[in-house]
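If you want the building blocks of each chain, they are given just below.
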Amino acid sequence: MRTNVKVIAVSNEQRESEQDKQRLVKAYKETINQAMIEGIDKALAQNGAIYKAMQSRN
């Protein structure tokens, strides 16, 4: 019976460790996605400003 309890305890720790890894990966991916979105937004805004400047010169 004690062996089963130990196996379950290790299994729970492994499960928690795997969940922690999954949370970290998810947070990492969300951070990368957010950075890309912000970068794209910034680039689009800069391109829009350049386009407007070019239009005003013509």
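The present account deals with the structure reproduced in this document.

Cut-off values and rules
- Residues numbered from 1 in each chain as written.
- Predicted model: local features only at pLDDT ≥ 70, side-chain atom pairs only at ≥ 80, totals over all residues.
- Heavy atoms only, no water.
- Helix = DSSP H or I, 4+ residues; strand = E, 2+ residues; numbered from the N terminus.
- Buried < 20%, exposed > 50% of the residue type's maximum accessible area, 1.4 Å probe, protein only.
- Areas by Shrake-Rupley, 256 points an atom, 1.4 Å probe, with all protein chains shown as cover.
- Salt bridge = Lys/Arg side-chain N within 4 Å of Asp/Glu carboxyl O.
- Patch = residues over 30% accessible without salt bridge, like charges linked within 9 Å, V, L, I, M, F, W, Y side chains within 5 Å.

**Considering the overall build of the chain**
Part 1: The helix and strand inventory of the chain stands at one helix and zero strands.
Part 2: For the chain, buried positions account for 0% of its 58 residues.
Part 3: If you sum the accessible surface of the chain, you get close to 5,700 Å²; carbon and sulfur atoms cover 58% of it.

**Regarding the pattern of salt bridges**
Part 1: With the rule as written, the count across this model stands at one salt bridge.
Part 2: With a closest N to O distance of 2.5 Å, Arg 23 and Asp 20 form a salt bridge. Of this pair, Arg 23 and Asp 20 both sit in helix H1 (residues 2-57), three residues apart, roughly one helical turn.

**Considerations on a nonpolar patch on the surface**
Part 1: Judged by side-chain polarity, Tyr 28, Ile 32, Met 36, Ile 40 and Leu 44 come together as a nonpolar surface patch covering roughly 540 Å² of accessible area.
Part 2: For Ile 32, the position within the fold is in helix H1.

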